[in-house]
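One-letter residues, chain by chain:
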Amino acid sequence: MLLFLTTQTLISHTIDKINTNQMTFFILLLIAFISIFSLPVILVQLQAKRLNAKITISEAFKLRASKSASEKLFKGLAIVQENNFNISLSDLETLHLAGGNPEKVMTALLKYRDIKSLSFQKLSALELAGLDYEASIEDSLKDKTLRIESLKIGQFVINYEAVFSNRIGLGLEENQNENLESKIIDRLTNFLMNWEGEDKLKMQHYILTNVLNVEYWDRILV
């Protein structure tokens, strides 16, 4: 009877040991499985952190899955986060996957952020079109001169000169001055055809303050 109990106890201990070993094996296997799949995701998150960008584990997983994690993407994201731009990681990723450079676009947007009409969407479109938009912005910010000389409208002969720069910083239209000149001539023509009076100084003052004033130029500049 004593021998039976001892044997039964040994068998019970052996079974418990086997169960413990199996449990330990499965736990180690699970840890290994998780490590294999999570390590690349963690590395993506560490890469972002190294470039001063912050992403969550779930964002790192999505970037890993879409193979869009890159230095240019994270540098662009860092600019967004450091300067409180209302641009999402998804927006930057879409630009990157389309072949654009998020870092370059965000650098330009930060540099010209005082130009209110510039937007991430507009610069992204120019980036994807392969245009040298930074050079165009710089060029458009320079003062330009529009001259209309000896324009005869009815009994009047008009000489007009205006110095301007593009409001949004994108003077990409080749015929921009021609378009502006056409608009100015049309507006002057409409005004002078209805003007009554012969006081030229009064007419000139009215044109500058009401017809071709700053508000009008704000509307017609690109």
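We now turn to the structure provided with this report. (Residues numbered from 1 in each chain as written. Predicted model: local features only at pLDDT ≥ 70, side-chain atom pairs only at ≥ 80, totals over all residues. Heavy atoms only, no water.)

Counting secondary structure elements, the protein chain contains 10 helices and two strands. Going from N to C terminus, the protein chain has its helices and strands arranged as α-α-α-α-α-α-α-β-β-α-α-α. Sorting the 222 residues of the protein chain into buried and exposed places 33% on the buried side. Within the protein chain, counting contacts between residues at least 6 apart in sequence, those at least 24 apart form 57% of the total. When the accessible surface of the protein chain is summed, it comes to about 14,900 Å², and 56% of that surface belongs to carbon and sulfur atoms. (Helix = DSSP H or I, 4+ residues; strand = E, 2+ residues; numbered from the N terminus. Buried < 20%, exposed > 50% of the residue type's maximum accessible area, 1.4 Å probe, protein only. Contact = heavy atoms within 4.5 Å. Areas by Shrake-Rupley, 256 points an atom, 1.4 Å probe, with all protein chains shown as cover.)

A surface patch of nonpolar side chains, about 360 Å² in accessible area, is lined by Ile42, Leu43, Leu46 and Ile57. A total of three residues in the nonpolar patch trace back to one element, the largest contributor, which is helix 1 (residues 2-50). In this structure, leucine 43 sits in helix 1. On the basis of relative accessible area, leucine 43 is assigned to the partly exposed category, the value being 48%. (Patch = residues over 30% accessible without salt bridge, like charges linked within 9 Å, V, L, I, M, F, W, Y side chains within 5 Å. Salt bridge = Lys/Arg side-chain N within 4 Å of Asp/Glu carboxyl O.)

Taking every second residue as pointing to the same face, the buried face of strand 2 (residues 156-164) carries Phe156, Ile158, Tyr160, Ala162 and Phe164, while none of Val157, Asn159, Glu161 and Val163 on the other face is buried. Sheet topology places strand 1 (residues 144-153) next to strand 2; eight bridges connect them, and they run antiparallel. Looking across to strand 2, one finds that threonine 145 is bridged to valine 163. If you look at the hairpin formed by strand 1 and strand 2, you'll find two residues sitting between the two strands, and glycine 154 has a positive phi there, around 60 degrees. (Pairing = 2+ DSSP bridges.)

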